[in-house]
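So the chains spell out like this:
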There are 2 protein chains.
Amino acid sequence: MRVTFVGAGNLATNLAVALHGAGHEVAQVFSRTEESAQALAHRVGAVPVNCMADLDNASDIYIISVSDKALEDVATQAVKGREDALFVHTAGSMPMDVIPARRRGVLYPMQSFSKQRLVDFSSIPVFIEASSADDLSVVRQLAQSVSGSVSELSSADRVYLHLAAVFCCNFTNHCYALGEEILRKHGVPFSAMFPLIDEVARKVHTVSPKDAQTGPASRHDWNVVNKHLSMLADSPGLQAVYQLMSKSIADD
Amino acid sequence: MRVTFVGAGNLATNLAVALHGAGHEVAQVFSRTEESAQALAHRVGAVPVNCMADLDNASDIYIISVSDKALEDVATQAVKGREDALFVHTAGSMPMDVIPARRRGVLYPMQSFSKQRLVDFSSIPVFIEASSADDLSVVRQLAQSVSGSVSELSSADRVYLHLAAVFCCNFTNHCYALGEEILRKHGVPFSAMFPLIDEVARKVHTVSPKDAQTGPASRHDWNVVNKHLSMLADSPGLQAVYQLMSKSIADD
């Protein structure tokens, strides 16, 4: 397929590289930032574009991959003059109809992306949606060319998927960050946690996290919980997180 | 070395199997629960013991691996009549001097253990401590025979290590559990999260979790945060966790 990217951020970069690798023609990469457009275009043999008016009309699909905040504005500009083209966005928490086009869809690869570190796209779950059966089949074909795990999901359910990812990914990473902060103060390198972190992540592949729960709060061992709370007296932020997470675990 | 285990739980099982595999003689396994003593003794060619009076006096080291709550009582009974033996416990959050013996120490393998699923001990960080340089060298020798990562750490600093592990392991797992709860309600299998969970855990091996933080709260994207909070209106427990974790991330 002939694909045009509107946006050149972390997700766009990973997706464009994967699509290029799967044999699709990435024709153009639009970004308001000249360097970003050039950097991604260079990686996938595309033409960099900085002005929406220079976008072609000949792509099979236009992939809009920009911040949630900018999405509606950017989509409105991109659709103008290309009313018959197929547009998809890649945002987990935005509904499909934020794109003001007749032919529209969503291609949401659920992963945490960075430009520096390209991930293997083949195992990333991709959730898709489209405004018609025909366009859904185009989006599915494109998604299946890079990922082995493609599922249809409505906008209404996708926002809950994104919400769950905030718990499983963002909050989890923040727990690591708070742990690192405690270790740093006591001269223990964060790397001491790696085997534990890896084991906890590995375990939930086979055991439900609810059943895998361990620790003082899950044992209702209030002696240890209260001792830990008093150790955090100088860090009210950490203490509040410890208290609420322990309550949430104990109530679960 | 000739080793006796007092306790036959998850940690004791993993450690005893590793020591046995490294060529040490696990002489006896004590547990108040007959089946537990027998099960572990059987795995490592040891004699099961259910009565403290039947414990021998000839081991080079006695490893007390019981719950934090039971540790002081069990240690007191185990030491009685063996006042010249070397005793260590395996508890992250308990001080060394909970053992009422002259020769005492700690051998704390920092990992989440289960009897069903034996882990590769060689990469587990083990933190050790002892009441004398001679005994420290015995404990170090034993620990190094099963782990490639052995460090000395005082009781005072070890409690903070354990506290950090609660954040990195227990709280992290609970975030997975809350994410699973959200997905279940919307018909998405938890396995959709595995690539994301694995990537987040993998990333912090090379990038500090503070620098790796992503998500709406780290972008100060209050539109999404507030939308998520309203989506959790029916689950006050999850809503409270979402609110506090987002605040903690945004303040970090």
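Residues numbered from 1 in each chain as written. Chains lettered and ligands numbered in written order. Predicted model: local features only at pLDDT ≥ 70, side-chain atom pairs only at ≥ 80, totals over all residues. Heavy atoms only, no water.

A look at the packing of helix α9 (residues 236-251) of chain A against helix α9 (residues 236-251) of chain B
Packing of α9(A) against α9(B) leaves a shortest axis separation of 10 Å and a crossing angle of 155 degrees. By the criterion of interaxial angle, the relationship of α9(A) to α9(B) is roughly antiparallel. The element α9(A) and its partner α9(B) pack so that their crossing is left-handed. Along the contact surface, α9(A) presents A:Ala240, A:Val241, A:Leu244, A:Met245 and A:Ser248, while α9(B) presents B:Ala240, B:Val241, B:Leu244, B:Met245 and B:Ser248. Classifying every residue of the contact of α9(A) with α9(B) gives 8 nonpolar, 2 polar and no charged. (Axes fitted to C-alpha atoms, helices over the stretch in contact; angles between N-to-C directions. Helix = DSSP H or I, 4+ residues; strand = E, 2+ residues; numbered from the N terminus. Parallel < 35°, antiparallel > 145°, perpendicular 65-115°, else oblique. Left-handed = near helix turned anticlockwise from the far one by under 90°. Contact = heavy atoms within 4.5 Å. Nonpolar A, V, L, I, M, F, W, Y, C, P; charged D, E, K, R; others polar.)

Remarks on unusual backbone geometry
Of note in this structure, A:His220 is not a glycine but carries a positive phi near 55 degrees. The residue A:His220 is located in the loop between α7 (209-212) and α8 (222-231) in this model.

Digging into the interface of chain A and chain B
Every contact between the two is made by 79 residues of chain A and, on the other side, 79 residues of chain B. Between chain A and chain B, the buried area comes to about 8100 Å², and carbon and sulfur atoms account for 68% of it. Remark: the boundary between chain A and chain B carries 2 salt bridges. Taking the shortest distance from any N to any O, the salt bridge between A:Arg117 and B:Glu199 comes out at 3.0 Å. At the junction of chain A and chain B, the tally comes to 26 residue pairs in polar contact (both at pLDDT 80 or more). Listed by contribution, the elements that provide at least two residues to the side of chain A that touches chain B are α3 (68-79), β7 (125-130), α5 (155-185), α6 (194-203), α7, α8 and α9 of chain A. With 26 residues, α5(A) is the largest single contributor of residues to the side of chain A that touches chain B. Of the residues assigned to the side of chain A that touches chain B, the class counts are 46 nonpolar, 19 polar and 14 charged. (Buried area = accessible area lost by both parts, 1.4 Å probe. Salt bridge = Lys/Arg side-chain N within 4 Å of Asp/Glu carboxyl O. Polar contact = N/O pair within 3.5 Å; in protein donor to acceptor, adjacent residues only side chain to side chain.)

Some details on the nonpolar core
Counting residues in each nonpolar core, the largest one holds 82 residues, and the members touching the most others are A:Phe167, A:Met193, B:Phe167 and B:Met193. Beyond its immediate sequence surroundings of up to four residues, B:Phe167 is in contact with A:Cys175, A:Leu178, A:Gly179, A:Ile182, A:Leu232, A:Leu238, A:Val241, A:Tyr242 and B:Thr172. By size, the runner-up hydrophobic cluster in this structure holds 33 residues, among which are A:Leu11, A:Ala16, A:Val139 and A:Val146. (Core = buried A, V, L, I, M, F, W, Y, C linked by side-chain atoms within 4.5 Å. Buried < 20%, exposed > 50% of the residue type's maximum accessible area, 1.4 Å probe, protein only.)

Thoughts on the packing of helix α8 (residues 222-231) of chain B against α9(B)
All names here are of chain B. It is the contact of α8 with α9, at a shortest axis distance of 10 Å, that shows an interaxial angle of 165 degrees. Classed by the angle they form, the pair α8 and α9 counts as roughly antiparallel. Of the two elements, α8 crosses α9, and the hand of that crossing is left-handed. For the pair α8 and α9, the contacting residues are Trp222, Val224, Val225, His228 and Leu229 in the first and Gln239, Tyr242, Gln243, Ser246 and Ala250 in the second. For the contact of α8 with α9, the residue count by class is 6 nonpolar, 4 polar and no charged.

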